[in-house]
Amino acid sequence: ALLDVFRCGEKLGQLLISVPALCELAAIKNTQGRIHQAEELIAKAYHLMAERNALNMRVRCSFEFGLSDLLRERNQLDAALEHAVTGIEHRERAGGYMVIGDLALLRALQARGDIEGAMKALRNAENSGVRLDALLWAGGESKLFAERCCRGRRAVYLEFDVERTDRYGRLLAYVWLCLLYTS
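Residues numbered from 1 in each chain as written. Predicted model: local features only at pLDDT ≥ 70, side-chain atom pairs only at ≥ 80, totals over all residues. Heavy atoms only, no water.

1. Describing the overall build of the protein chain
- The helix and strand inventory of the protein chain stands at eight helices and two strands.
- Scanning the protein chain from its N terminus toward the C terminus, one meets helices and strands in the order α-α-α-α-α-α-α-α-β-β.
- If you take every contact in the protein chain between residues at least 6 apart in sequence, the share linking residues at least 24 apart comes to 47%.
- By element, 54% of the accessible surface of the protein chain is carried by carbon and sulfur atoms, the whole surface being about 11700 Å². (Helix = DSSP H or I, 4+ residues; strand = E, 2+ residues; numbered from the N terminus. Contact = heavy atoms within 4.5 Å. Areas by Shrake-Rupley, 256 points an atom, 1.4 Å probe, with all protein chains shown as cover.)

2. Topic: the side chain of Arg60
- Turning to its location among the elements, Arg60 is positioned in helix α4 (residues 60–73).
- By relative accessible area, Arg60 is classed as buried at 17%.
- A polar contact is formed between the side chain of Arg60 and the side chain of Glu64, at a distance of 2.7 Å.
- Residues contacting Arg60, with those up to four places away along its chain left out, are Met49, Leu55, Thr86 and His90. (Buried < 20%, exposed > 50% of the residue type's maximum accessible area, 1.4 Å probe, protein only. Polar contact = N/O pair within 3.5 Å; in protein donor to acceptor, adjacent residues only side chain to side chain.)

3. Quick word on unusual backbone geometry
- A positive phi is found at Asn53, a non-glycine position, where the angle reads about 50 degrees.
- As for its position among the elements, Asn53 is in the loop between α3 (35–51) and α4.
- Here Asn75, not a glycine, exhibits a phi torsion of approximately 65 degrees, which is positive.
- Structurally, Asn75 can be placed in the loop between α4 and α5 (77–94).
- When its relative accessible area of 54% is taken as the criterion, Asn75 is described as exposed.

4. So, the packing of helix α2 (residues 15–31) against α4
- One can describe the packing of α2 onto α4 by two numbers: an axis separation of 9 Å at closest approach and a directional angle of 15 degrees. In terms of orientation, α2 and α4 fall into the roughly parallel class. Judged by the sense of rotation from one axis to the other, the crossing of α2 with α4 is left-handed. Only Ser62, Phe63, Asp69, Leu70 and Glu73 of α4 make contact with α2, whose side of the interface consists of Val19, Pro20, Cys23 and Asn30.
- Partitioning the contact of α2 with α4 into residue classes produces five nonpolar, two polar and two charged. (Axes fitted to C-alpha atoms, helices over the stretch in contact; angles between N-to-C directions. Parallel < 35°, antiparallel > 145°, perpendicular 65-115°, else oblique. Left-handed = near helix turned anticlockwise from the far one by under 90°. Nonpolar A, V, L, I, M, F, W, Y, C, P; charged D, E, K, R; others polar.)

5. Digging into the environment of His90
- Structurally, the position occupied by His90 is in helix α5.
- Taking the C-alpha atoms as reference points, His90 and Asn56, separated by 34 residues in sequence, lie 7.6 Å from one another.
- For His90, the residues in contact, after removing those within four places along its chain, are Leu55, Asn56, Met57, Arg60 and Cys61.

6. Here's the deal with the nonpolar core
- Membership of the largest hydrophobic core comes to 34 residues, with the highest contact counts inside it found for Val19, Ile42, Phe63 and Leu105.
- Where this core is concerned, the elements lending two or more residues are α2, α3, α4, α5, α6 (99–111) and α7 (115–127).
- Setting aside chain neighbours within four positions, we find Val19 in contact with Ala45, Leu48, Met49, Val59 and Phe63. (Core = buried A, V, L, I, M, F, W, Y, C linked by side-chain atoms within 4.5 Å.)

7. Overview of the confidence of the model for the protein chain
- Averaged over every residue, the pLDDT of the protein chain is 80; residues scoring 70 or more account for 75%.
- For the protein chain, per-element mean pLDDT is lowest for helix α8 (residues 132–150), which scores 56, and highest for α3, which scores 94. (pLDDT = per-residue confidence, 0-100.)

8. Re the packing of α4 against α5
- Packing of α4 against α5 brings their axes to within 8 Å, and their N-to-C directions diverge by 165 degrees. Judged on the interaxial angle alone, α5 and α4 are roughly antiparallel. α4 and α5 meet at a crossing whose hand is left-handed. Within the contact between the two elements, α4 uses Arg60, Cys61, Glu64, Phe65, Leu67, Ser68, Leu71 and Arg72 and α5 uses Leu77, Ala79, Ala80, His83, Ala84, Thr86, Gly87, Ile88, His90 and Arg91.
- Within the contact of α4 with α5, the residues separate by chemical class into nine nonpolar, five polar and four charged.

9. Quick look at the packing of aromatic side chains
- Here the structure, examined in full by the defined rule, presents one aromatic pair.
- Residues Tyr46 and Phe63 carry aromatic rings whose centres are separated by 5.6 Å and whose planes lie at 45 degrees to one another, so their mutual orientation is tilted. Remark: Phe63 occurs in helix α4 and Tyr46 occurs in helix α3; sequence separation between them is 17 residues.
- The buried category is assigned to Phe63, whose relative accessible area is 5%. (Phe/Tyr/Trp six-rings, centres within 6.5 Å; stacked < 30°, edge-to-face > 60°.)

Listed below in structure tokens is the structure:
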């Protein structure tokens, strides 16, 4: 669906649609441990902005937050923090609010061991009025969905990508379910 959103934004010439879609796709690839694919998507977002002289526009926020998370995953923590801060600065200049920026900042600070700074970023996000519990709930809901799909199956196949685990040792795989029909 995000790829369709990107294509639609590109067709309409709307960077505020296409760049965030690319950055969200990069975040998904990053979470899946597909760091190289995430890098390609972030690079594509940058090139779209550069081609249209949009590096100082509001759309830059999404790019900076996406790049921050990618750099954090690569353990480039100083650069991750710098890009999260840059994204927040662009957000403040452009007006509006995106909680994802505070979360990128929180994750970069936490990874650097700055728990006090991370807690401050969390308080800022909580004060935004955006329900963080709804954001966090989505991960738990995804897990429940996967468990419901796999329950009662005789065969579940796992297809691994280049990296079998993420940096926390969690297994990364596509799950293929066999549907057995009997008459």
